[in-house]
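Residues per chain, in single letters:
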Amino acid sequence: MFHPFKILCDERRSNSEFEETSVLTTPKEVLKEPLLVKVLLHNDDYTPMDFVVEILENFFNKQKEEAHDIMLDVHNKGVGIGGVYPREIAETKADLIHKYAHECDYPLKCTLDEQS
Ligand code: TYC
């Protein structure tokens, strides 16, 4: 049976459903992968090699041999990648490394490379 009010309700309902669907699928709302950020270690003349190896083992979960290779690479080239993490984790690691190095009186510098 024809029922204008019911038709109006159905239209409203389907419109709002459409809006919800369209909001969820606009590019901004599509689930994004967390942005990955590189944590870089920088060479300096004062931080002992063993200390940098320790940092790579304890903060970046590297095995001793790999940690030693990365440290030497940083020592020779000036900069190297400690690890790649979602931004907040990368920021926390850089903060903790600076605090720990500072407590030990070493000037070890650790920065984030935001480009993916
Ligand atoms: N260049 C330092 C030395 O000869 C070692 C070092 C390596 C320091 C890597 C910092 O990120 C660094 N003792």
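Here we summarise the structure given alongside this text. Remember, predicted model here, so these are calculated numbers, not experimental data.

**Observations concerning the packing of helix α2 (residues 49-60) against helix α3 (residues 64-77)**
Part 1: Put simply, α2 and α3 touch, their axes get as near as 8 Å, and they point 125 degrees apart. The orientation of α2 relative to α3 falls into the category oblique. Note on packing geometry: the crossing formed by α2 with α3 is right-handed. In contact with M49, V52, V53, L56 and E57 of α2, α3 contributes K64, A67, H68, I70, M71, L72 and H75.

**Notes on the sheet that holds strand β1 (residues 36-42)**
Part 1: Spatial ordering of the open sheet is given by β2-β1-β3, a layout of three strands whose pairing is antiparallel. Only two strands of the sheet have a single partner each, and these edge strands are β2 (79-86) and β3 (109-113). Taken over all neighbouring pairs, the strand axes of this sheet differ in orientation by 30 degrees on average, direction set aside.
Part 2: With seven bridges joining them, β1 and β2 adopt antiparallel strand pairing. Opposite H42, over in β2, you have V79 as the bridge partner.
Part 3: Of the strands in this sheet, β1 and β2 are in contact with α3, which crosses β2 at around 125 degrees.
Part 4: Docked against the sheet, helix α4 (residues 87-103) engages β1, β2 and β3, running at close to 135 degrees with respect to β2.

**With respect to the pattern of salt bridges**
Part 1: For the coordinates displayed, the defined rule picks out five salt bridges.
Part 2: Linking K38 and D113 is a salt bridge whose minimum nitrogen-to-oxygen distance equals 3.9 Å. In this pair, K38 sits in strand β1 while D113 sits in strand β3, placing the two residues 75 residues apart along the sequence.
Part 3: What makes K38 partly exposed here is its relative accessible area of 24%.
Part 4: Ionic pairing is found between D73 and K77, a salt bridge with its closest N-O pair at 3.2 Å. Of this pair, D73 and K77 both sit in helix α3, separated by four residues, roughly a single helical turn.
Part 5: A relative accessible area of 33% means that D73 is categorised as partly exposed.
Part 6: Overall, K77 belongs to the exposed group, its relative accessible area being 60%.

Rules used throughout
Residues numbered from 1 in each chain as written. Predicted model: local features only at pLDDT ≥ 70, side-chain atom pairs only at ≥ 80, totals over all residues. Heavy atoms only, no water. Axes fitted to C-alpha atoms, helices over the stretch in contact; angles between N-to-C directions. Helix = DSSP H or I, 4+ residues; strand = E, 2+ residues; numbered from the N terminus. Parallel < 35°, antiparallel > 145°, perpendicular 65-115°, else oblique. Left-handed = near helix turned anticlockwise from the far one by under 90°. Contact = heavy atoms within 4.5 Å. Pairing = 2+ DSSP bridges. Salt bridge = Lys/Arg side-chain N within 4 Å of Asp/Glu carboxyl O. Buried < 20%, exposed > 50% of the residue type's maximum accessible area, 1.4 Å probe, protein only.

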